[in-house]
Structure formats: structure tokens, C-alpha cells
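Coordinate analysis (summary)
This is what each chain is made of:
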Amino acid sequence: GYNYEGELGLGNDKHQNKPQKINFLNEKNENIEIEEIFIGLRHNYAIAKNKEKDNNNKNNKEEIQKIYVWGSNRDAPLGIPVKEKNNFEDFPILL
């Protein structure tokens with residue numbers, strides 16, 4: 001797909017003609033599960049569940065939702081400050 005403003009979340013702006021895996025979401029924490037992905041024309045959102053262990057009770061896991069965003073940030077759809085130059089995120093960032 002088109003990737004001029006990092007819409008694919010691959011850490012670059014190269015267009016792709018085959019589906020690509022976004023490794024970032026798994027590299028930060030092995031227990032991340034993507035619950036939902038919202039695809040926009042030039043930006044995207046992913047809602048992830050993180051299962052974290054309580055150090056006092058190893059059987060107790062708490063699920064925490066996290067939101068990742070990437071792509072164009074024209075008019076601030078990513079919910080982060082607008083930059084003067086290169087106003088996009090080509091790699092998913094945690095809000």
C-alpha cells in the first residue's frame with residue numbers, strides 16, 4: 001500500500017505491494033495482544049491489551065489497554081502535538 005506518510009507503520013516511507021507485519025507491537029512486550037485496529041486514509045490506531053503480572057502474586061494478571069498511533073499527523077488526528085516538519089509518525093507510538 002501507499003506509505004508516503006508512514007501509514008503502514010513499518011518505520012519507513014517505502015510503499016509495499018504485499019501485507020507486512022508490524023513487529024513493533026510485539027517487540028516492546030511479549031504479552032501484547034491487538035484487540036482492534038482502526039484504519040484511516042492516512043493514519044491508524046491500534047488498541048492493545050497488555051497482560052502484566054503482579055510481582056506479589058504471579059497468578060494474578062491485570063489487563064491494561066494501550067493505544068498506539070501512526071501515520072499522518074496533519075491537523076493532529078494522532079492526538080500528539082503537530083510538528084513544523086515531517087508531521088507524521090512512521091512507526092507506531094504509544095499514547
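Right, let's talk about the overall build of the protein for a bit. Scanning the protein from N- to C-terminus turns up 1 helix and 4 strands. For the protein, the α and β elements follow one another from N to C terminus as α-β-β-β-β. A burial count over the protein gives 27% of its 95 residues as buried. Put simply, 37% of the contacts in the protein that link residues at least 6 apart link residues at least 24 apart. Of the roughly 6,900 Å² of accessible surface on the protein, 45% is carried by carbon and sulfur atoms.

Let us now look at the side chain of E5. With respect to the secondary-structure elements, E5 resides in the segment before α1 (24-27). Side-chain polar atoms of E5 contact the side chain of R74, separated by 3.0 Å. Among all residues touching E5, those that are not within four sequence positions of it are R42, G71, S72, R74, F88 and E89.

There is a patch of nonpolar side chains on the surface, built from I34, I37 and I39 and spanning about 290 Å² of accessible area. For I37, the position within the fold is in strand β1 (residues 32-39).

Okay, the pattern of salt bridges next. Throughout the structure, instances matching the rule amount to 3 salt bridges. Two residues, E5 and R74, come together in a salt bridge whose shortest N-O distance is 3.0 Å. Pair noted here: E5 is in the segment before α1 and R74 is in the loop between β3 (57-72) and β4 (88-94), with a separation of 69 residues, a long-range link. By relative accessible area, E5 is classed as buried at 6%. For E89, the salt bridge identified is with K83, shortest N-O distance 3.1 Å. Of the residues examined, E89 reaches a relative accessible area of 16% and is grouped as buried. By relative accessible area, which is 38% here, K83 ends up partly exposed. Taken together, the shared-partner salt bridges in this structure form one network comprising E5, R42 and R74.

Calculation rules
- Residues numbered from 1 in each chain as written.
- Predicted model: local features only at pLDDT ≥ 70, side-chain atom pairs only at ≥ 80, totals over all residues.
- Heavy atoms only, no water.
- Helix = DSSP H or I, 4+ residues; strand = E, 2+ residues; numbered from the N terminus.
- Buried < 20%, exposed > 50% of the residue type's maximum accessible area, 1.4 Å probe, protein only.
- Contact = heavy atoms within 4.5 Å.
- Areas by Shrake-Rupley, 256 points an atom, 1.4 Å probe, with all protein chains shown as cover.
- Polar contact = N/O pair within 3.5 Å; in protein donor to acceptor, adjacent residues only side chain to side chain.
- Patch = residues over 30% accessible without salt bridge, like charges linked within 9 Å, V, L, I, M, F, W, Y side chains within 5 Å.
- Salt bridge = Lys/Arg side-chain N within 4 Å of Asp/Glu carboxyl O.

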